[in-house]
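# Working through the structure, step by step
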Amino acid sequence: MCGICGIVDRDARFSAEHAQMHARIMFAQMAHRGPDGGLLHQQPGVVFGAQRLAIRGLDSDHPPLYADDTGVLLVCNGEIDNHAALRADLLRRGFAVPAGSDVAVLPALYRAHGPDFVRHIVGVFALALWDARARRLILARDRAGERHLYYSVEAGCVRFASELAALRAGAFAAPGLDRDTLVAYLGRGYCPAPRTAYAGYRKLAPGELLVIEAGRMHSRSYAPPPWGETMDERPDAQRFDSLMRLAVARQSTVDASFGVMLSGGLDSSLIAALARQLHPHAALNAYCVRFAESSYDEGAQAERVAQRLGYRYVPVTIGALEFPPLLRDLIQHSGELLADPAWIPLARLCQRARQDVPMLLAGEGADELFGGYPTYLGALAAARYARLPVPLRGLLEAIVARLPVSDRKVTISFLLKRFMLGAGLAPLPRHQQWLAALPPALLARLGLDAARTDAADLVGLDVLDALQSYDFGHGLAEALLAKSDRGGMRFAVELRAPFLDAGVIDFAARLPAAQRVRGLTTKVFLKRYARRYLPHDVVYRRKRGLSVPLAAWLRDPLREWARQRLEHPGLTELGLDARALQSLLQEHCARQADHGRALWALLVLAEWLDWHAAGELDATLAAARLRRGEASNIETAP
């Protein structure tokens, strides 16, 4: 695990010194991702760099970056879980494979299969490969999107980096804002791939392979979401158990020490139980976020699970006043525009965990794969609701609208209000409106048009398949996994999600709908399976997730900070109505409505616009640090 960056100047428009300077600036911007060493490698017209976080191969003092005698240069941010099997197969077929880390197999894998070599990888990765003989650049991202890669094409040069902040810091010219993407961010809470907040800057989508050669760019999905083909037989729990145990073993059989993120709910508790079975004698820590607000605090449940499984329980408490400075810090280091408030406590948890371990196992992906969100219940109930007489629906909507606003976590009132918000819409637009940071009505009130829904890739799928496929390829990849990567790597902690192992994904996607959602029960199959490892009260505990008491905090003690941030001139320059911005906060504080989610998205945007405005100064300071030799962890290969 590391951070990668690079420049490919195919037409030799820049001097070697000029290209290396920009590569060094990108490299220095990602120093937080690589406390265990760094390396820049330069060839004619090409500079690749990597910052290293040591998870496997701890005796090496530089990140995996390979240039072999065929002219193949490769750098990878990730973990190749099936490296041993790949190595054995390649050696058997007569390919030379250098000793070293798990990534060492990839150049030979490319020689064996060409650009389609990524199809053979099991693991998480964002990689770049330069084939000097073919004059070909390949960029690729793993199928679930656990690792991210940004790129741009400027003045004939291709630049790439693990984080948007690094890509911008090493720009040849200041990038302009993409207003349409910023509006899409306000609706979704993240910037949908392949777009970013900057015009001309792009990010790979999950499972995307980008090939640049002969002056042309070819992009294709090598691993689209696998929904749509349902297994005929009854799901085999024993086979699934083998897949889960293999997934946890692959991701926890590392040279570094590791721990788990634990909430006390089903997903994280199941991962913790499997890890304990596979490592019965290891000293393992379980880290849990805690809040003073009892409705949001899961510490007691997590502590009981940790004690039952033999983990050392490590609580990490966070309060309201820590949010603004930590949000600013995360944006400055990553450049991410992300409206999930759980980003902040996750980062604080990783800051504490870094005192002990560089890697944590987490439960991300289970909800999207096994049908865990209450939105799926709402989608399946919507058709029945639509058949009710119009007067009865009107009466129910009026009753729900009068339910009081609550500061408690995921209340029935909140769920019912969200359900009614999309009444009458088709399943996917209804689902998107349920998840929206700012629903279309609020965007219109602020003076913006809502982004259109693109559901072309979901045509032909049943409702549940379509919604899960959408969540897997969008919300999970671009929001939840971005949160995990940016929050963890800010403090050099890698988060890994065994549920996103290829075998587990393929099994879950083929489950019959009734094995995912039945009646009012979500995760039907996963809960039945989990009973072999966990007690009933953990398996069937009501889903809570990592939520933040923002609604109460924005009334006090974050009210004044929010008021000032909403006065940011950049918001009105984007076309948002200044009076409407303040009225949202006033209504929220008066408990006339719960605008917590919408306000947070706007506040994050205001902080991000501050970072954007300081961009040219940041790049200047980074270049000055390099001239003074402060980026001392850089080792340059010839």
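Look up a bit, the structure's there.
Heads up: these notes are all about the structure in this document. Everything numeric here is computed off the predicted structure, so don't read it as measured data.

Turning our attention to the sheet that holds strand E17 (residues 494-496). Taking strand neighbours across the sheet as the criterion, the 5 strands line up as E15-E14-E13-E16-E17 in an open arrangement whose pairing is parallel. What marks the edges here is a single partner per strand, and that holds for strand E15 (312-317) and E17. Strand after strand, the sheet turns through a mean of 30 degrees between neighbouring axes, direction not considered. Two strands pair when backbone bridges link them, and strand E13 (residues 259-261) and strand E14 (residues 285-290) are joined in this way by 2 bridges, in the parallel orientation. Note that in E14 the partner of Met-261 across the bridge is Tyr-287. Against the sheet, helix H10 (residues 343-353) touches E13, E14, E15, strand E16 (359-361) and E17, its axis set at about 145 degrees to E14.

Relative to the 16 Å expected for 12 residues at 1.5 Å per residue, helix H9 (residues 323-334) spans 16 Å between its end C-alpha atoms, a close match to the ideal helical length. Residues of H9 that are buried: Phe-323, Pro-324, Leu-326, Leu-327, Asp-329, Leu-330, Ile-331 and Ser-334. Buried positions along H9 lie against helix H4 (164-169), H10, helix H17 (463-489), helix H21 (550-555), helix H22 (559-565) and helix H25 (596-613). Gly-335 sits one or two positions beyond H9 and adopts a positive phi of about 75 degrees.

Looking now at helix H24 (residues 578-589). Its 12 residues give H24 an end-to-end C-alpha distance of 17 Å, which sits within 8% of 16 Å, the value for a rise of 1.5 Å per residue. By the burial criterion, the buried members of H24 are Ala-580, Leu-581, Gln-582, Ser-583, Leu-584, Leu-585, His-588 and Cys-589. Those residues of H24 that are buried lie in contact with helix H16 (440-445), H21, H22, helix H23 (569-573) and H25. Two or three places before Arg-579, at the opening of H24, Asp-577 has a side-chain oxygen 3.1 Å from that residue's backbone nitrogen. Positioned one or two residues after H24, Arg-591 has a phi angle of 60 degrees, which is positive.

Before going further, it helps to examine the packing of helix H5 (residues 179-188) against H25. Between H5 and H25, whose axes approach to 9 Å, the crossing angle comes to 145 degrees. Taking contact as the criterion, the partners of Leu-182, Tyr-185 and Leu-186 in H5 are, on H25, Ala-601, Leu-602, Val-604 and Leu-605. In the contact of H5 with H25, the residues fall into 7 nonpolar, no polar and no charged.

Calculation criteria
- Residues numbered from 1 in each chain as written.
- Predicted model: local features only at pLDDT ≥ 70, side-chain atom pairs only at ≥ 80, totals over all residues.
- Heavy atoms only, no water.
- Pairing = 2+ DSSP bridges.
- Helix = DSSP H or I, 4+ residues; strand = E, 2+ residues; numbered from the N terminus.
- Axes fitted to C-alpha atoms, helices over the stretch in contact; angles between N-to-C directions.
- Contact = heavy atoms within 4.5 Å.
- Expected span 1.5 Å × (residues − 1).
- Buried < 20%, exposed > 50% of the residue type's maximum accessible area, 1.4 Å probe, protein only.
- Polar contact = N/O pair within 3.5 Å; in protein donor to acceptor, adjacent residues only side chain to side chain.
- Nonpolar A, V, L, I, M, F, W, Y, C, P; charged D, E, K, R; others polar.

Interpretation note: all reported values are geometric properties and have no functional meaning in isolation.
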